[in-house]
Amino acid sequence: MPTDACSDYLFPPPHPVSLPIVGQPQRFPVRRIFCVGRNYLEHIRELGNDEKQPPVFFMKPAQTIVQDGSTMAYGTLTENLHYELELALALQSGGYNIDEGKALQHIYGYAIALDMTKRDIQDKLKKHGHPWEAGKSFDASCPCGPIHPAQAVGHLESGRICLKVNGEIRQDSNLDMLIWKIPQIVAELSRYFELQAGDLILTGTPKGVGPVLPGDVMEGSIDRLGSLNITVGPRVA
Ligand code: MN
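Residues numbered from 1 in each chain as written. Predicted model: local features only at pLDDT ≥ 70, side-chain atom pairs only at ≥ 80, totals over all residues. Heavy atoms only, no water.

Enquirer: Tell me what's going on with the nonpolar core, and back it up with residues and numbers.
Expert: Counting 43 residues, the largest nonpolar core has Leu87, Tyr110, Leu114, Met116, Ile201 and Met218 as its most contacted members. Discounting residues that sit within four places of it in the chain, Leu87 has contacts with Tyr110, Ala111, Leu156, Ile161, Leu175, Ile182, Ile201, Leu202, Thr203, Ile222 and Leu225. Residues Val30, Cys142, Cys144 and Ile147 belong to the second largest nonpolar core, which totals 20 residues. (Core = buried A, V, L, I, M, F, W, Y, C linked by side-chain atoms within 4.5 Å. Buried < 20%, exposed > 50% of the residue type's maximum accessible area, 1.4 Å probe, protein only. Contact = heavy atoms within 4.5 Å.)

Below is the structure:
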């Protein structure tokens, strides 16, 4: 009898999620997406959060990624879909309890990402002390550009991070404004999770978050990483 590769499964398993890598034909397979909340002081202030609290970690499924140049669905049950432009780290290795001094060795490269947020839903969940998934980890909530290898662009400590909506600047800051620096984020996150090759870490957004509407075009840019271009599609019926 011929063997069917899929016969072990009740239905075909999902295709792996991956991102293109600039300058090479292989793709970067995405394992998990970790996000850091509250990592730029001015953004903590604009949302009225406590400046003395450490940043929070949350996750999105890999399947929430939207590729550069695509249209993302507006999504359901929100009247206040927000952009949050962020630097993403792409890990090539990991482990538990990574030393800050060795953290950069685990970073394969960097990308531009959007932590799309249903702010009205997130605010309700926060008020009740509930988990954020419905406001943060919905379908198409993580547009992400191609990975730029650190070998090509170096490790990023500073550089302009800027988001335009329909050509108008909405967020404009610098990576050197991060409260928790990149090695500290990797080290701290690895105390909770065994980090692995393929993990992405979104490092938080600067001030200027705000809503988009169907038809809007978002262009995020970070020095040395080019740009990420995403169109907001129609509402899901
Ligand atoms: Mn964010």
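Having put the structure on the table, let's press on.
Enquirer: Describe the packing of aromatic side chains, naming the residues involved and giving the relevant values.
Expert: Geometrically, a pair of aromatic rings is defined through the distance of the ring centres and the angle of the planes. Using the criterion set out here, one finds 4 aromatic pairs in the structure. On the numbers, 4.8 Å between centres and 50° between planes, the contact of Phe34 with Phe193 is tilted. Highlighted residues: Phe34 in strand β3 (residues 33-37) and Phe193 in the loop between α5 (182-192) and β15 (200-202), separated in sequence by 159 residues. Of the residues examined, Phe34 reaches a relative accessible area of 1% and is grouped as buried. Between Phe58 and Trp132 the ring centres are 5.5 Å apart and the planes differ by 55°, which places this aromatic pair in the tilted class. One end of the pair, Phe58, is in strand β4 (residues 56-60); the other, Trp132, is in the loop between α2 (119-127) and α3 (133-136), with 74 residues separating them in the sequence. Each of the two residues, Phe58 as well as Trp132, counts as buried. Taking the ring centre of Phe138 as reference, the NZ or CZ of Lys60 above it sits at 6.0 Å. Positioned over the ring face of Tyr74 is Arg235, at 4.4 Å from the centre of the ring. (Phe/Tyr/Trp six-rings, centres within 6.5 Å; stacked < 30°, edge-to-face > 60°. Helix = DSSP H or I, 4+ residues; strand = E, 2+ residues; numbered from the N terminus. Lys NZ or Arg CZ within 6 Å of the ring centre and 35° of its normal.)

Enquirer: Account for the coordination of the manganese ion, with residues named and values stated.
Expert: Binding of the manganese ion to the protein goes through Glu84 (OE), Glu86 (OE) and Asp115 (OD), at separations of 2.0 to 2.2 Å. Mapped onto the sequence, the residues coordinating the manganese ion show the spacing E-x1-E-x28-D. (Donors = N, O, S within 2.8 Å, 3.2 Å for Na, K, Ca; no water.)

Enquirer: So what's going on with the side chain of His43? Which residues, and what values?
Expert: Position of His43 relative to the elements: it lies in helix α1 (residues 41-46). Take His43: its relative accessible area is 4%, and that puts it in the buried class. Leave out the neighbours within four places in its chain, and His43 touches Glu84, Thr205, Pro206, Lys207 and Val209.

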